[in-house]
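# Structure at a glance
Okay, here's what each chain looks like letter by letter:
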Amino acid sequence: MNSAIELNPSEPMHYFVLGKIYAAMKDFNKSVKYYEKFLEFRPTNSEAASNRHAVLCYFTMQKVLTGFRE
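Predicted model, so just to flag it, every value in this text is computed and none were measured.

## Some remarks on the overall build of the protein chain
- Summing up its helical and strand segments, the protein chain has 4 helices and 0 strands in all.
- Helices and strands appear in the protein chain in the N-to-C order α-α-α-α.
- With the principal axes as the frame, the protein chain shows a C-alpha extent of 45 × 25 × 15 Å.
- Evaluated residue by residue, the protein chain yields a buried proportion of 26% over its 70 residues.
- Long-range contacts, defined as pairs at least 24 residues apart, comprise 35% of the intrachain contacts of the protein chain with a sequence gap of at least 6.
- Side chains of the protein chain give 9 positive and 7 negative charges; the mean places of these two sets differ by 4 Å.

Given below as structure tokens:
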């Protein structure tokens, strides 16, 4: 997907897919970054906005729950 972005950086779907991939890999910072980039192209896309929100919520909950273990 990174190569696809290099070849065609104006294709929003590349960023959406990378957002999903990084979310699955639990790399939340990159996931949010790519969802936000996608939303620059398609600001009214509710699926990307919901996915971004879910990643942020999951990341926040993970940080809180990890804090309870310390």
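## Focus on helix α3 (residues 28-41)
- Taking 1.5 Å per residue, 14 residues should reach 20 Å; α3 reaches 20 Å between its end C-alpha atoms and fits that length.
- Buried residues of α3: Phe28, Ser31, Val32, Tyr34, Tyr35, Phe38 and Leu39, and no others. Angular distribution of buried residues about the axis of α3 spans 165°; they occupy a single face of the element. When the buried face of α3 is taken as reference, the exposed residues oriented beyond 90 degrees from it are Asn29 and Glu40.

## Here we look at the pattern of salt bridges
- Counted by the stated rule, this structure contains 3 salt bridges.
- Glu47 is paired through a salt bridge with Lys20; the nearest N and O atoms lie 4.0 Å apart. Highlighted residues: Glu47 in helix α4 (residues 46-69) and Lys20 in helix α2 (residues 12-24), separated in sequence by 27 residues.
- On the accessibility criterion, Glu47 (44% relative accessible area) is partly exposed.
- With a closest N to O distance of 2.9 Å, Arg52 and Glu36 form a salt bridge. Separated by 16 residues along the polypeptide, Arg52 in helix α4 and Glu36 in helix α3 bring together distant segments of the chain.
- Judged by its relative accessible area of 26%, Arg52 falls in the partly exposed class.

The rules behind these values
- Residues numbered from 1 in each chain as written.
- Predicted model: local features only at pLDDT ≥ 70, side-chain atom pairs only at ≥ 80, totals over all residues.
- Heavy atoms only, no water.
- Helix = DSSP H or I, 4+ residues; strand = E, 2+ residues; numbered from the N terminus.
- Buried < 20%, exposed > 50% of the residue type's maximum accessible area, 1.4 Å probe, protein only.
- Contact = heavy atoms within 4.5 Å.
- Lys, Arg positive; Asp, Glu negative; His and termini not counted.
- Charge placed at Lys NZ, Arg CZ, Asp CG, Glu CD.
- Expected span 1.5 Å × (residues − 1).
- Arc of directions from axis to C-beta.
- Salt bridge = Lys/Arg side-chain N within 4 Å of Asp/Glu carboxyl O.

Read these as geometric descriptors, not functional statements.
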